[in-house]
Amino acid sequence: KTLGIFISHDDLNYKLIGFFKNKGILNAIYLRIKVEIMKLKNARVGIFIIKKISSSALKIIKLFKDYFIIELFYEYELILNAIKHYLVPEHELLFFFEKKKLLDCYKIKESQLPKILINDPVSRYYGAKKGDIFKITRYSETVGIYITYRVCK
């Protein structure tokens, strides 16, 4: 059995479906059925929480990447909330106008910023895409508050 969650936001015309497969492996047949459900509900984003995935299911995800945003999270990744961990500094995803203001203020390009990987737990938590910028605030006894920026690659 699986658990499915459907979320819709009328103002943004944004629909998301979450699926939790607690037994077995995520295979191509199961994935195709869930993609059909996403089509019927007119949802563009699907989040799958799984234990394992087959190679055929990974190929199907690549086929549908132009039509749907499919995010995969393994159960073990969700056991620990990386954002709330005491060693992880505060991350804030910048909006488009904040990103533009930052780049214009320092007269730099995205490529000149330090990088954060798209598969980093913090990036995945916030749903960051390539080119998104994080504002990272660190607290230090010697320096005080230290702010840095990282671009998602």
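Each remark here, short or long, concerns the structure printed above.
Since this is a predicted model, take the numbers as computed values, not measurements.

Visitor: I tried to follow the overall build of the chain on my own but got confused; where do I start?
Guide: A tally of helices and strands in the chain yields 5 helices and 10 strands. Counting only C-alpha atoms, the chain reaches 55 × 30 × 30 Å along its principal axes. The buried share of the chain, reckoned over its 153 residues, is 31%. Sequence-distant contacts, at least 24 apart, represent 58% of the contacts inside the chain between residues at least 6 apart. Within the chain, one finds 28 positive and 15 negative side-chain charges whose respective centroids are separated by 8 Å.

Visitor: Is there a simple way to explain the packing of aromatic side chains in this structure?
Guide: Note on aromatic pairs: each is described by the distance of the centres and the angle between the planes. Scanning the entire structure with this criterion turns up 6 aromatic pairs. An angle of 70° between the planes, with centres 6.1 Å apart, marks the rings of F64 and F68 as edge-to-face. Residue classification places F64 among the buried residues on the basis of a relative accessible area of 15%. Pairwise contacts between aromatic rings join Y125, Y126 and F134 into one cluster. Of note, K21 hangs over the ring of Y30, and the distance from its end group to the ring centre comes to 4.6 Å. A cation over an aromatic ring shows up here: R124 above the ring of F73, its NZ or CZ 4.4 Å from the ring centre.

Visitor: Looking at this structure, how should I read the pattern of salt bridges?
Guide: As a working rule, side chains carrying opposite charge can pair if their charged atoms are close by. Throughout the structure, instances matching the rule amount to 5 salt bridges. Ionic pairing is found between E77 and R124, a salt bridge with its closest N-O pair at 2.8 Å. Placement of the pair is E77 in helix α3 (residues 75–78) and R124 in helix α5 (residues 121–126), with a sequence separation of 47 residues. Taking the relative accessible area as the measure of exposure, E77 reaches 29% and is therefore partly exposed. D104 is paired through a salt bridge with K100; the nearest N and O atoms lie 3.2 Å apart. Taken together, the residues span about one helical turn, with D104 and K100 both in helix α4 (residues 96–106) at a distance of 4 residues. With a relative accessible area of 47%, D104 lands in the partly exposed category.

Visitor: When you look at the packing of helix α1 (residues 28–41) against helix α2 (residues 55–63) in this model, what are you seeing that I'm missing?
Guide: Two packed helices can be described by the angle between their axes and the distance between those axes. It is the contact of α1 with α2, at a shortest axis distance of 8 Å, that shows an interaxial angle of 30°. By the angle between their axes, α1 is roughly parallel relative to α2. Between α1 and α2, the residues in contact are A28, L31 and R32 and S56, A57, I60 and I61, respectively.

Visitor: Before we go on, may I ask you to explain a positive patch on the surface in this structure?
Guide: A surface patch of positive charge is lined by K59, K62, K65, K115, K130 and K153. Mapped onto the secondary structure, K153 falls in the segment after β10 (144–152). Classification of K153 as partly exposed rests on a relative accessible area of 38%.

Rules behind the numbers
Residues numbered from 1 in each chain as written. Predicted model: local features only at pLDDT ≥ 70, side-chain atom pairs only at ≥ 80, totals over all residues. Heavy atoms only, no water. Helix = DSSP H or I, 4+ residues; strand = E, 2+ residues; numbered from the N terminus. Buried < 20%, exposed > 50% of the residue type's maximum accessible area, 1.4 Å probe, protein only. Contact = heavy atoms within 4.5 Å. Lys, Arg positive; Asp, Glu negative; His and termini not counted. Charge placed at Lys NZ, Arg CZ, Asp CG, Glu CD. Phe/Tyr/Trp six-rings, centres within 6.5 Å; stacked < 30°, edge-to-face > 60°. Lys NZ or Arg CZ within 6 Å of the ring centre and 35° of its normal. Salt bridge = Lys/Arg side-chain N within 4 Å of Asp/Glu carboxyl O. Axes fitted to C-alpha atoms, helices over the stretch in contact; angles between N-to-C directions. Parallel < 35°, antiparallel > 145°, perpendicular 65-115°, else oblique. Patch = residues over 30% accessible without salt bridge, like charges linked within 9 Å, V, L, I, M, F, W, Y side chains within 5 Å. Areas by Shrake-Rupley, 256 points an atom, 1.4 Å probe, with all protein chains shown as cover.

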